[in-house]
Amino acid sequence: FLENCQEKYDFILLDAERDAYLNYWVHLQNMITHRGGVLIVDNVISHAAEVKDFICEVKKDQRFMTTTLPIGAGLFVVTFRN
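Residues numbered from 1 in each chain as written. Predicted model: local features only at pLDDT ≥ 70, side-chain atom pairs only at ≥ 80, totals over all residues. Heavy atoms only, no water.

Enquirer: What exactly am I supposed to notice about the overall build of the chain here?
Expert: The helix and strand inventory of the chain stands at two helices and four strands. Helices and strands in the chain line up, N terminus first, as β-α-β-α-β-β. Seen through its C-alpha atoms, the chain measures out along the principal axes to roughly 30 × 25 × 20 Å. Counting the 82 residues in the chain, one finds 40% classified as buried. Contacts in the chain between residues at least 24 apart in sequence constitute 60% of all its contacts with a sequence separation of at least 6. Carbon together with sulfur atoms contributes 52% to the accessible area of the chain, which is approximately 5200 Å² in total. Across the chain, 8 positive and 11 negative side-chain charges occur, with their mean positions spaced 11 Å apart. (Helix = DSSP H or I, 4+ residues; strand = E, 2+ residues; numbered from the N terminus. Buried < 20%, exposed > 50% of the residue type's maximum accessible area, 1.4 Å probe, protein only. Contact = heavy atoms within 4.5 Å. Areas by Shrake-Rupley, 256 points an atom, 1.4 Å probe, with all protein chains shown as cover. Lys, Arg positive; Asp, Glu negative; His and termini not counted. Charge placed at Lys NZ, Arg CZ, Asp CG, Glu CD.)

Right, dumping it as structure tokens:
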């Protein structure tokens, strides 16, 4: 689905196999590159080691603003800069 999706989404919740997040990012970033697009990634505090590379990669992309919220197991919020 991610490889073929051409749609833009206002909100995406990512709570899947953490070892695939880097591969997902290639596609997800294109799905939220519009005003108001938000990606929320769950379990980033409880599984920090598993998502470290993914978070570093996202933070490198200056098109996006990010923050980590200490809610539950941790939420990583990615929004498109407009």
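Moving on from the coordinates now.
Enquirer: Mind showing me how you'd approach the side chain of Asp42 here?
Expert: Note on placement: Asp42 falls in strand E2 (residues 38-42). Among buried charged residues, Asp42 stands out as having no salt bridge; its nearest opposite-charge side chain is Arg18, 7.5 Å away. Among all residues touching Asp42, those that are not within four sequence positions of it are Leu14, Asp15, Tyr21, Gly74 and Leu75. (Salt bridge = Lys/Arg side-chain N within 4 Å of Asp/Glu carboxyl O.)

Enquirer: Teacher, can you tell me more about the packing of aromatic side chains here?
Expert: Aromatic ring pairs: the centre-centre distance and the angle between the two ring planes describe each pair. If you walk through the whole model with that rule in mind, you get six aromatic pairs. For the ring pair Tyr21 and Phe54, a centre distance of 5.4 Å and an interplane angle of 65° mean the geometry is edge-to-face. Of this pair, Tyr21 sits in helix H1 (residues 21-31) while Phe54 sits in helix H2 (residues 48-60), and the two are 33 residues apart along the sequence. Note on Trp25 and Phe64: the rings are 5.1 Å apart at their centroids and 65° apart in plane angle, and the pair reads as edge-to-face. Of this pair, Trp25 sits in helix H1 while Phe64 sits in strand E3 (residues 64-69); the two residues are 39 residues apart in sequence, bridging distant segments of the chain. In textbook terms, an aromatic cluster arises when at least three aromatic residues are bridged by ring pairs, as seen for Tyr21, Tyr24, Trp25, Phe54, Phe64, Phe76 and Phe80. (Phe/Tyr/Trp six-rings, centres within 6.5 Å; stacked < 30°, edge-to-face > 60°.)

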